[in-house]
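So you can see what is in the structure, the chains are spelled out below.
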Amino acid sequence: LFEAASEAAISKIEKFKALDIATTVWAYAKVGHENKNLFEAASEETISKIEKFNKQDIVTTVWAYAKVGCGNVDLFDALSEAAISTIDEFNAQDMNDVVWAFREVGHEKAEFF
């Protein structure tokens, strides 16, 4: 089931909105199923649509990638810049989740920290 769903998501990911990308990678991370092809496709799509990610999409996405141990540098650079631009909207839990995620994958962008 996971593989079939992954392939379907990959084939449609260019049509996904920010929320769709974030919740897809979150769902796979939550159940501990990392499909490398799906996470790579979602990473590329996230980078190309990063300006459309709101603070919840950012938090959800960084948590998911950290949970599966996928610290794509370009992705985390883009998410870091997006987090900085929306940081005033973060509550304490959002901040904790984002700091944990960046630390978990070893990505310490100076501007964020």
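Small disclaimer: the values here were computed from a predicted structure and weren't measured.

Asker: When you look at helix 6 (residues 92-104) in this model, what are you seeing that I'm missing?
Answerer: Along an α-helix, residues three or four positions apart point the same way, because every turn accommodates 3.6 residues. Between the first and last C-alpha of helix 6 there are 18 Å, a value that for 13 residues agrees with the 18 Å anticipated at 1.5 Å per step. When we look at burial in helix 6, the residues that qualify are Asp94, Val98, Ala101 and Phe102. When helix 6 is viewed along its axis, its buried side chains cluster within an angular range of 95 degrees and face the same direction. Away from its buried face, by an angle of more than 90 degrees, helix 6 presents the exposed residues Ala92 and Arg103. In this fold, the buried residues of helix 6 make contact with helix 4 (55-67) and helix 5 (73-86). Between a side-chain oxygen at the N-terminus of helix 6 and the backbone nitrogen of Gln93 the separation is 2.9 Å; the capping residue is Asn91. Of the residues trailing helix 6, Gly106 is marked for its positive phi of about 75 degrees.

Asker: Explanation requested: the side chain of Lys55 in the structure shown.
Answerer: Within the secondary structure layout, Lys55 lies in helix 4. Side-chain polar atoms of Lys55 contact the side chain of Asp94, separated by 2.5 Å. Ignoring sequence-local partners within four residues, the contact set of Lys55 consists of Thr86, Glu89, Phe90, Asn91 and Asp94.

Asker: Whenever I open this one, the packing of helix 3 (residues 36-48) against helix 5 confuses me. Can you help?
Answerer: When two helices pack together, their arrangement is given by the angle between their axes and by how far apart the axes lie. In the contact formed by helix 3 and helix 5, the axes pass within 9 Å of each other and the chain directions differ by 35 degrees. The interaxial crossing formed by helix 3 with helix 5 has left-handed handedness. The residues of helix 5 that touch helix 3, namely those facing Ser43, Thr46 and Ile47, are Asp74, Leu75, Ala78 and Leu79. Broken down by class, the residue content of the contact of helix 3 with helix 5 amounts to 4 nonpolar, 2 polar and 1 charged.

Asker: Would you explain the pattern of salt bridges in this entry?
Answerer: Note that side chains of opposite charge can pair when their charged atoms are close. Taken as a whole, this structure holds 3 salt bridges when the rule is applied. Its salt-bridge partner being Lys49, residue Glu45 comes within 3.0 Å of it at the nearest N-O pair. The buried category is assigned to Lys49, whose relative accessible area is 15%. The partner of Asp94 in a salt bridge is Lys55, with the nearest N and O atoms 2.5 Å apart. Taken together, the positions of Asp94 in helix 6 and Lys55 in helix 4 put the pair 39 residues apart, joining distant regions of the chain. The class of Asp94 is buried, set by a relative accessible area of 5%.

Asker: Is there a simple way to think about the packing of aromatic side chains in this case?
Answerer: Two numbers describe a pair of aromatic rings. These are the distance of the centres and the angle of the planes. On inspection of all chains with the given rule, the structure shows 3 aromatic pairs. On the basis of an interplanar angle of 80 degrees and a centroid distance of 5.1 Å, the ring pair of Phe39 and Tyr65 is categorised as edge-to-face. Of this pair, Phe39 sits in helix 3 while Tyr65 sits in helix 4; the two residues are 26 residues apart in sequence, bridging distant segments of the chain. The pair formed by Phe39 and Tyr65 is uniform in burial state, with each residue classed as buried.

Parameters at a glance
- Residues numbered from 1 in each chain as written.
- Predicted model: local features only at pLDDT ≥ 70, side-chain atom pairs only at ≥ 80, totals over all residues.
- Heavy atoms only, no water.
- Helix = DSSP H or I, 4+ residues; strand = E, 2+ residues; numbered from the N terminus.
- Expected span 1.5 Å × (residues − 1).
- Buried < 20%, exposed > 50% of the residue type's maximum accessible area, 1.4 Å probe, protein only.
- Arc of directions from axis to C-beta.
- Contact = heavy atoms within 4.5 Å.
- Polar contact = N/O pair within 3.5 Å; in protein donor to acceptor, adjacent residues only side chain to side chain.
- Axes fitted to C-alpha atoms, helices over the stretch in contact; angles between N-to-C directions.
- Left-handed = near helix turned anticlockwise from the far one by under 90°.
- Nonpolar A, V, L, I, M, F, W, Y, C, P; charged D, E, K, R; others polar.
- Salt bridge = Lys/Arg side-chain N within 4 Å of Asp/Glu carboxyl O.
- Phe/Tyr/Trp six-rings, centres within 6.5 Å; stacked < 30°, edge-to-face > 60°.

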